[in-house]
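# Structure at a glance
Residues per chain, in single letters:
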Amino acid sequence: MGRVITIILLGVILGQGSPLDQACLSCHRSYQVPSELIYRRYLLQYSTPQAIEQMMIAYLQHPHQSTSIMPPQFFLKFPMKEATALDTLTLQHMVRAYIEKFDIKKRLILKQ
Amino acid sequence: MLHSEKRSLVRFLIIYLLSTFLLFSLASWIFYTSTRDHLIQTQRERLTYEAQKLHSALRLLHQSNAPLLSYPSTPPIDSAIFDSDQHYIFGTKREPMALGVVAEGVLHYEQRVEPYYLGAAHLMVTQPLDQRPIERLQHHILLFMLGAGVFFLLLGYFLGRLFVAPMRDSLQRLNRFIQDTTHELNTPISTILTNIEMIETFGGTLSHESELQRIAIASKTLSRIYDDLTYLNLNHHYHREVVMLDLSRLVAERMVYFKAMADAKGIVVTIACVEAVMQKMDRNDAIRLIDNLLSNAIKYNRPHGRLIISLDTKRLSIQDTGIGIAPKALGEIAQRFRRANSSEGGFGIGLHIVTQVCQSYQLTLSINSVEHQGTEVIIVWEE
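No experiment lies behind these values; they were computed from the predicted model shown. (Residues numbered from 1 in each chain as written. Chains lettered and ligands numbered in written order. Predicted model: local features only at pLDDT ≥ 70, side-chain atom pairs only at ≥ 80, totals over all residues.)

## Description of the overall build of chain A
We apply this condition: Secondary structure is summarised from DSSP: a helix means a run of H or I of at least four residues, a strand means a run of E of at least two, and numbering begins at the N terminus for each. Residues are scored as being in contact if the C-beta atoms we place from backbone atoms lie within 7 Å.
Scanning chain A from terminus to terminus reveals six helices and one strand. For chain A, restricting intrachain contacts to residue pairs at least 6 apart in sequence, the fraction spanning at least 24 positions comes to 57%.

Here it is in structure tokens:
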């Protein structure tokens, strides 16, 4: 019986995904917004995680082409998202998790 | 080698080698520093090239969608990338590197990255300084300094000997002159003292004609030595009274002066002088000229030899049947303190005085000599 309950709980957790998945990436996936491409664009322009975090939060709280990292053409294909309903602290956690997920350092290896 | 000569040579060598060493050290140092800088610059240029390559690689990696991004590595060159806050992102070393901080003996090159590929705002490449070409350079310079040192030591020794040679010659001649002077003065003084002693010993019992003659010869010799040395010393300073001089009469007078010396050696004197040969000269100059020629002709004549004096309106010739002069010594015979033969006493100043007088009056002096047969000295003047 206990084994059955554990399997059910795991299924629920895995099915729901992480908070980042629920709050952000699930929509990205459904709208086919390239999450890693966005991260790379931020990286290319702002370099440090702190600067990226600040700029992402600014955009998510007040979405506008002027605060977006994406080019104007991007918004011809994708609609401008609405301002986030998350509180600042949660949003900060989500953004950090986003940066952590796509962190470039994790993917770099030394070529022998 | 004389002590003073050796000392001079050593001093010269020390100064010469020291100055040469300093000069070469300075030149070598300048060459070394410029070449070393050039070698280091060459290695720096390689770092610059590697930085450009890394920059291109970062751009490609940033655009890559591969799950793993291979960071380029080209040992022994190390590299690292840093974000805009200069925090370490990634590098080829195990431990994180700090921007601009490298160990001693490591070359580094920093470059800004824009845009920030992979988030990198700075990249740094480092390479341990390759000391081998610098050590080779040091080795070559050391070899060059050693070679130059040996070469300049030998050259300096050769030059030193060359420069010291005239001084050695002068010193030797001066030493000989001092020895000759003491000997020349000692002989007539001894003669005078011995003969005076003999006169005192035998009192008035004997005739002292021969002793007095010896004393006279010795006194004249002393007088002549004094005159010659004074003449040499005051040659340029004493006042000359150039007058028309009767050379025929003067030669006869001087021959009387030297008669005792010639008689003592058993020399047969032949005088063939034209009467009243007049020449414009200072009397003392003429006496020094004739006395030295007659003195040499008697001194270097063989015992019972011949002395022929001839004088006419154009020339004076004094010929002896003495030891003669070797052909190779003829060219130098008129130099001061030069003696063709040391078998007889003398300073080697006689012919030097004769030459000076001849030059003063534009007289032509020629010496014809055959070794072991005799010498003829001819003085020619314009009528």
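## Looking at the sheet that holds strand β10 (residues 315-320) of chain B
Residues and elements named next belong to chain B. Keep this limit in mind: Any two strands with at least two DSSP-identified bridges between them are counted as paired. Axis lines are fitted through C-alpha atoms, for helices just across the contact stretch, and the angle between N-to-C directions can take any value from 0 to 180 degrees.
With respect to topology, five strands assemble into an open sheet ordered β7-β9-β10-β12-β11, the strand pairing being mixed. Because the sheet does not close on itself, it has two edges, and the strands there are β7 (268-273) and β11 (364-370). Averaged over all neighbouring strand pairs, the angle between strand axes comes to 10°, with direction disregarded. Bridge analysis of β11 against strand β12 (residues 374-380) gives seven bridges, and the strand direction is antiparallel. Bridging from a neighbouring strand, N368 pairs with E376 of β12.

## Some points on unusual backbone geometry
Residue and element names in this part refer to chain B. Cis geometry marks the peptide bond from P75 to P76, where omega comes out at 5°. As for its position among the elements, P76 is in the loop between β1 (69-71) and β2 (78-82). Residue P115 is bonded to the preceding E114 through a cis peptide linkage, with omega at -5°. Counting through the fold element by element, P115 comes out in the loop between β4 (106-112) and β5 (122-128). A positive phi is found at Q362, a non-glycine position, where the angle reads about 55°. Here Q362 is to be found in the loop between α7 (350-360) and β11.

## Some remarks on the interface of chain B and chain A
This is how it is decided: As a working rule, the residues Ala, Val, Leu, Ile, Met, Phe, Trp, Tyr, Cys and Pro are called nonpolar, Asp, Glu, Lys and Arg charged, and the rest polar, with Gly in that last group.
On the side of chain A, 13 residues touch chain B, which itself brings 20 residues to the contact. Listing elements by their share of the side of chain B that touches chain A, those giving two or more residues are β1 and β3 (88-91) of chain B. Residue composition of the side of chain B that touches chain A, by class: 12 nonpolar, six polar and two charged. In this sheet, β1 of chain B lies alongside strand β1 (residues 108-110) of chain A in parallel orientation, the contact comprising three bridges. Bridging across to β1 of chain B, L108 of chain A finds its partner in L69 of chain B.

## Things to note about the environment of R161 of chain B
In plain terms, the rule: Every C-beta atom is placed from the backbone, and the number of other C-beta atoms within 10 Å of a residue's own sets its class: buried at 20 or more, exposed at 12 or fewer, partly exposed in between.
Of note, R161 of chain B is situated in helix α2 (residues 132-202). By C-beta crowding, R161 of chain B is classed as partly exposed, having 14 other C-beta atoms within 10 Å.

## Details of the sheet that holds β4 of chain B
Residues and elements named next belong to chain B. Spatially, four strands are ordered β3-β2-β5-β4 in an open sheet, and the strand pairing comes out antiparallel. The open sheet has two edge strands, β3 and β4, and neither has a second partner. Between one strand and the next, the sheet's axes are offset by a mean angle of 20°, whatever the strand orientation.

## Digging into the packing of helix α1 (residues 3-63) of chain B against α2 of chain B
Residue and element names in this part refer to chain B. Where we set the bar: Any angle that falls under 35 degrees is termed roughly parallel, while one over 145 is termed roughly antiparallel, one within 65 to 115 roughly perpendicular, and all others oblique. What makes a crossing left-handed is the near helix being turned counterclockwise from the far one by less than a right angle; a clockwise turn instead makes it right-handed.
Interaxial distance between α1 and α2 falls to 8 Å at its minimum, and their mutual angle equals 155°. Classed by the angle they form, the pair α1 and α2 counts as roughly antiparallel. Between α1 and α2 lies a crossing whose hand is right-handed. Partitioning the contact of α1 with α2 into residue classes produces 21 nonpolar, seven polar and four charged.

## Details of helix α2 (residues 19-31) of chain A
Along an α-helix, residues three or four positions apart point the same way, because every turn accommodates 3.6 residues. Residue and element names in this part refer to chain A. Filter applied, for reference: Helix span, as expected, comes to 1.5 Å for every residue beyond the first. Bend angle per residue: angle between axes fitted to the 7 residues ending at that residue and the 7 residues starting there.
Relative to the 18 Å expected for 13 residues at 1.5 Å per residue, α2 spans 18 Å between its end C-alpha atoms, a close match to the ideal helical length. At L25, α2 is bent by approximately 45°, the largest bend along its length. Just beyond α2, the residue with positive phi is Q32, at close to 55°.

## Comments concerning the nonpolar core
Generally speaking, a soluble globular protein has its nonpolar side chains buried in company with each other. For the record, the criterion: Only buried Ala, Val, Leu, Ile, Met, Phe, Trp, Tyr and Cys residues enter a nonpolar core, and they are joined through C-beta atoms within 7 Å.
If you look at the biggest cluster of nonpolar residues, it comprises 33 residues, and the most contacted ones within it are L43 of chain A together with L58, I81, V113, L118, A120 and L123 of chain B. Here the element with the most residues in this core is helix α3 (residues 35-46) of chain A; it accounts for four residues. Setting aside anything within four residues of it in sequence, one finds L58 of chain B in contact with I81, V113, Y117, L118 and A120 of chain B. Membership of the second largest hydrophobic core comes to 26 residues, among which are I309, L316, C358 and I379 of chain B.

## Considerations on α1 of chain B
The first and last C-alpha atoms of α1 of chain B sit 88 Å apart over 61 residues, in line with the 90 Å expected at 1.5 Å per residue. Every buried residue belonging to α1 of chain B is among L9, L47, E50, L54 and L58 of chain B, and all of these are buried.

## A few points about the environment of I287 of chain B
Its location among the elements puts I287 of chain B in helix α5 (residues 283-299). Residues I287 of chain B and L247 of chain B, 40 residues apart in the sequence, show an inter-C-alpha distance of 9.6 Å.

## Some words on the environment of H64 of chain A
All names here are of chain A. By the secondary structure assignment, H64 is in the loop between α4 (49-61) and α5 (74-77). Note on H64: 10 C-beta atoms within 10 Å, which makes it exposed. It is 7.2 Å that separates the C-alpha atoms of H64 and M80, two residues lying 16 residues apart in sequence.

## Here we look at the confidence of the model for chain B
Heads up, the rule is: A score between 0 and 100, pLDDT records how confident the predictor is in each residue.
Residues with a pLDDT of 70 or more make up 92% of chain B, whose mean pLDDT is 86. This prediction of the complex comes with two scores: 0.54 for pTM and 0.81 for ipTM.

## Quick notes on the packing of α4 of chain A against helix α6 (residues 88-102) of chain A
Helix-helix packing is described using two parameters, namely the angle between the two axes and the distance between the axes. All names here are of chain A. Where α4 contacts α6, the axes come no closer than 10 Å and their chain directions differ by 130°. Relative to α6, the element α4 lies oblique. For the pair α4 and α6, the sense of crossing is right-handed. Residues P49, I52, E53, M56, I57 and L60 of α4 lie in contact with α6, whose contacting residues are L91, Q92, V95, R96 and I99. Considered class by class, the residues forming the contact of α4 with α6 number eight nonpolar, one polar and two charged.

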